[in-house]
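Topology and contacts: notes
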Amino acid sequence: MRLFAALVPLITAILLSVVFWLKLWGGGGFIGGDTYTYYMPQKVWYADRLHAGEFPLWNSLAGHGYPLVAESQTGAFYPVNVGLYWMFDVNTAYSISHLLHYVGTFVVAYAFARRLWLGMIGALFAALIFTYGWFPPRACLEWAIIGGFWFVWLLWCAESYLQDGSRRWLLWLSLGLGLHLLAGHFNLAFIALLTLTVYVPARLWYATCDLADSIRATRGRVCGWLIGSIAFGFAIAAVQLWPTWELKQLSQRIEVGAAHDPGYGHLPPLYLSQVFLPWMWYTPDVDTEKALQGLKALSIKSGTNKVEAHLYFGLMPWLVLLAGLTIWRNRPAVMARPESSNGVDAAGIAESHAIRKASGRATQVVWLGLSLIGVFFATGWYLPVLRHVPGFSFFAGPGRYGIITTLGFALIAGAVFDRVAGSLRSVPLRGITIAVVLSMTTWDLWLVSRWVTNAFPLWYPPVNHRNESEVCRILRNSSQPTRTLAPGQNLPTLTGFAMTPQYLGIGPSEYFDPKLKMPIAEDPRDEQQVAVQVDWMRRAGVTHWLRFEPLKGPHWPVRPVWRGVDQLLHLAWARSPEEPLYLYELVGSRGRASFADPQTKGMVKVTDYRANQVRLQVSSLDGGQVILTDLLYPGWEVFVDDQKTSALRIDGMYRGVDVPGGEHTVIWTFQPTSVSRGAVVSGLALFFWVANWIYMTRRPKAE
C-alpha cells in the first residue's frame, strides 16, 4: 500500500511532464524569451569548459567577460548542473534539468499537500494546479521551475518539523535552502523565506491542533531552531553567495535607480480578472502585451509583461470551489487517511479525525491569508515603502509573489475537491468526476501555457546546429582569439567566440557606465562620427563585425569576410534565409592582446586562452604596457615569468601590465578570494551537516 501511495504521484508527475513537454522528452528544447539570449549562452560556455576538463569561474565570451559564479544564473556549483552538463550535450542537459524539476516539484507539492491532511485525490489536484498553473508560462526563465521545486521543498520540511518535532527535518530544510541558493537567481528563495516568516508563526500560534507536543510547548525555541536552520543553509551556499555579494557591490544594482527598476513585472490590479475570465486576455486574437500597457488604474508606474504578470489556476478549480461551498458544504468530509481499527478504539479514531479536520480548516485559513498577501505583493503596491529594504530593492518582478497565491489556492482547491469527491456515494460517479476534473484542468493549463509564454518547445533546437555554424568556422580559423561586435546580445556567443555588447541582469558597473560604452555613429556617412566609433572598437579589441545589414558609408575600415545563412544563428534568431548575415573584419584593431602604445616595437601573442587563465608570449626591445582587452575584475592576478606583478587598469576597464624588454611569458589567472573563502565556509557547513545527520540517525528516537 505504501509503495502504491508513493508511485501514484511519481507516475502522475512523469505523465504530466510528457503531456506538457513531449518535445523535451523527444530530444527537443526551448526557444524564445531569455532562453537563447541569456541562459543557453551561459550553459554553452559552462558545458564546453567542463568537457574540456576545466571548472569555469569566469565567462570570457559575453562582452569583455564577467565573473560566472558571481552572476549566479549559470548555477556553476549546483550539483544537478555539474552532473548534467558534464555528462550530456548542452541541450540534453538543459532539457533534463527542466523535466527533473517539473517532476520533482509535482511530487513535493503532493507530499506537502498530504502533510496538510489532503487526501490522495486532493493532493494530486493541488500539485497539478501549482506545478502547471504557475511555471509553464515562465518557461523562458530557467530559474523559475528550479526555484519552484525548492520553494515547496522548504515549506514541506518546515511543516514536517512542526508536525513530527524531529530536527532531522531542519537538516533537510537547511540543505534544501543551500541547494536553492547554489542554483542561482535567489528571488524565489527570498520569497520562500518571507513565506516561512508568516507561515511558521501562524502555525505555532493559530493552527496548532496537529502540531507535535514538543513543538507547542517550546514555540520560541522552535523559531530559534528554524532561524538557525536557515542560517545553516546560507552557510552551505557561501561559495555562491560570497562572490555574488562582491559583484553586487560592484554592479549596476549597487543602488536603486534608472538602471534597475524593482517594479518591472508587476501585476496590474485590473489584470486579476484573468483568473476568472482568461478568454479576455489569453486567446490568440488578443494582444495581451498591448492590453497590459493600457491598464493604468490602481497600477504602479513601472512596466510589465504577460509572463511576469501571469496568474492563473484553471477554470475547473473554481467550479470545484463553487460546488464545495454551496452543495456539499454541510456534508461531512471523507477523512484523508483513514486509520486501521486494529488496536485502536473508536474514540481514538474519532479524536484523530477531529484533530485533522480542525487542523485542515485552520491551515486553509492561513493559506487564504497568505494567498491574499501574495496578490498584494504581486501588484507592487509595497514598493513605495519597501523599495529600499534589502531584497525588495534588489529583485525586480513583483508578479513573482503570485507563486504564494498559486500554492495557497491549489491547497484550498485540493481540500475542497476531497470533500466534493467524498460526498459522492456512487463509486462510478466519483471516478468519472475525478477523471473529468483532473483531465479538464490539465487541458486548460496546457492550452494557456501555449498562449501565455515567450518560450516554445521545438523538436530541433538551434543549439544542436553549433557544428554547422559558418560564422563559427570562420572565427575558428583566426590565428588569435577574436571579439565580434554583434547584434542580439549574448546569443552569438553560442558559436563559442567572444561577442560584445553583453546582456547581464547583474553585471560589472563598467558595462553600464555611459563614459565607457561604445559611441554609435548615427550617421554612417559622417566621417567624424564613424571615426569615434571605430576608435572605440579598435581600443576594445573588436576584430570582427557581424551585422543584419550591409555597412553603409565609405569611411568604415573593414574588410568583407562572409555573407550568407548561418545554420545556428539564423535558427536562433528565427531569420529567413532571404535575410543573410554580414561578417566583416575590422582593420587596425589592437585585438585581444597587444602593446598599449601602438608605436612599441614587439609582438604580443595569446598562446593559451581558458576560462580562468590567459597566457601571453611577449617580445620587445624596450618593453612597455601590455594590454589584454578583457575586464579587470577583483580576483585577476598577473604573473610575468612566474613573478607576481601589479595589474593596471587601462581605458577604464581593461587589464594591463608593465613588461620589460626581451622575451617574457605573461599569465593572467583568475583566483577570486570571494570564491575560495566561500568554499571554505561551504565545506565546513557541509561537514557539520553530515556530522549532524550521522548523529541524529544513530541517536535513539526519543526527541
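**Brief notes about the pairing of strand 16 (residues 654-670)**
When you tally the buried positions in strand 16, you get 12 out of 17 residues, the bulk of the element. Direction of pairing for strand 12 (residues 613-631) relative to strand 16: antiparallel, over a ladder of 15 bridges. Bridge pairing links Gly623 to Pro660 in strand 16. Relative to strand 16, strand 13 (residues 636-640) is paired through five bridges, and the arrangement is antiparallel. Across the sheet, Phe639 pairs through a bridge with Ile667, a residue of strand 16. Sheet analysis places strand 15 (residues 648-650) next to strand 16, joined by three bridges and oriented antiparallel. If you follow Leu648 over to strand 16, its bridge partner there is Gly656. What sits between the antiparallel neighbours strand 15 and strand 16 is a turn of three residues, in which Asp651 has the positive phi angle 55 degrees.

**Remarks on the packing of helix 18 (residues 402-422) against helix 19 (residues 427-451)**
Between two packed helices, the angle of one axis relative to the other and the distance separating the axes together describe the packing. Between helix 18 and helix 19, whose axes approach to 9 Å, the crossing angle comes to 150 degrees. Classified by the angle between their axes, helix 18 and helix 19 sit roughly antiparallel to one another. Of the residues in helix 19, those in contact with Phe417, Ala421 and Gly422 of helix 18 are Arg430, Thr433, Ile434, Val437 and Leu438.

**What about helix 10 (residues 187-205)?**
In a regular helix each residue adds 1.5 Å, so 19 residues correspond to 27 Å; helix 10 covers 28 Å between its end C-alpha atoms and thus fits that length. Across the 19 residues of helix 10, 14 count as buried, placing the element largely inside the fold.

**Comments concerning the sheet that holds strand 8 (residues 558-564)**
In sheet architecture, strand pairing relies on hydrogen bonds along the backbone and comes in two forms, parallel and antiparallel. Here five strands make up an open sheet; going across it, the order is 6-5-7-9-8 and the pairing mixed. The open sheet has two edge strands, strand 6 (498-500) and strand 8, and neither has a second partner. Strand-to-strand twist of the sheet, defined as the mean angle between neighbouring strand axes without regard to direction, takes the value 25 degrees. Pairing geometry for strand 5 (residues 483-485) and strand 7 (residues 544-547), over two bridges, is parallel. Paired with Leu485 across the two strands is Trp545, which belongs to strand 7. Where helix 21 (residues 527-539) meets the sheet, its contacts fall on strand 5, strand 7 and strand 9 (581-586), and the angle it forms with strand 9 comes to roughly 75 degrees.

**Some details on the packing of helix 7 (residues 120-134) against helix 19**
Contact geometry for helix 7 and helix 19: axes closest at 10 Å, N-to-C directions at 5 degrees. Classed by the angle they form, the pair helix 7 and helix 19 counts as roughly parallel. Contacts between helix 7 and helix 19 involve Ile121, Phe125, Leu128, Ile129, Tyr132 and Gly133 from the former and Ile434, Val437, Leu438, Thr441, Thr442 and Leu445 from the latter. Classifying every residue of the contact of helix 7 with helix 19 gives nine nonpolar, three polar and no charged.

**A look at the layout of surface pockets**
Looking at the largest pocket, its volume works out to about 1,000 Å³. Lining the largest pocket are 47 residues, and of these Tyr38, Tyr503, Leu504, Gly505 and Ile506 sit closest to its centre. Across the lining of the largest pocket, the residue classes break down as 24 nonpolar, 15 polar and eight charged.

**Re the packing of aromatic side chains**
Two aromatic rings are characterised by how far apart their centres lie and by the angle between their planes. As enumerated under the stated definition, the model contains 48 aromatic pairs in all. One aromatic cluster in this structure is built from Phe190, Phe376, Phe377, Trp381, Tyr382, Phe392, Phe394, Phe395 and Tyr401. Sitting over the ring of Trp545, Arg547 keeps its end group 5.0 Å from the ring centre. The ring of Trp636 carries Arg655 above its face, with NZ or CZ at 3.7 Å from the centroid.

The rules behind these values
- Residues numbered from 1 in each chain as written.
- Predicted model: local features only at pLDDT ≥ 70, side-chain atom pairs only at ≥ 80, totals over all residues.
- Heavy atoms only, no water.
- Buried < 20%, exposed > 50% of the residue type's maximum accessible area, 1.4 Å probe, protein only.
- Helix = DSSP H or I, 4+ residues; strand = E, 2+ residues; numbered from the N terminus.
- Pairing = 2+ DSSP bridges.
- Axes fitted to C-alpha atoms, helices over the stretch in contact; angles between N-to-C directions.
- Parallel < 35°, antiparallel > 145°, perpendicular 65-115°, else oblique.
- Contact = heavy atoms within 4.5 Å.
- Expected span 1.5 Å × (residues − 1).
- Nonpolar A, V, L, I, M, F, W, Y, C, P; charged D, E, K, R; others polar.
- 1 Å grid on protein atoms, 1.4 Å probe; cavity = no way out; pocket = protein on both sides within 12 Å on 5 of 7 lines; lining within 4 Å.
- Points joined across faces, edges and corners; volume = space filled by probe spheres on them.
- Phe/Tyr/Trp six-rings, centres within 6.5 Å; stacked < 30°, edge-to-face > 60°.
- Lys NZ or Arg CZ within 6 Å of the ring centre and 35° of its normal.

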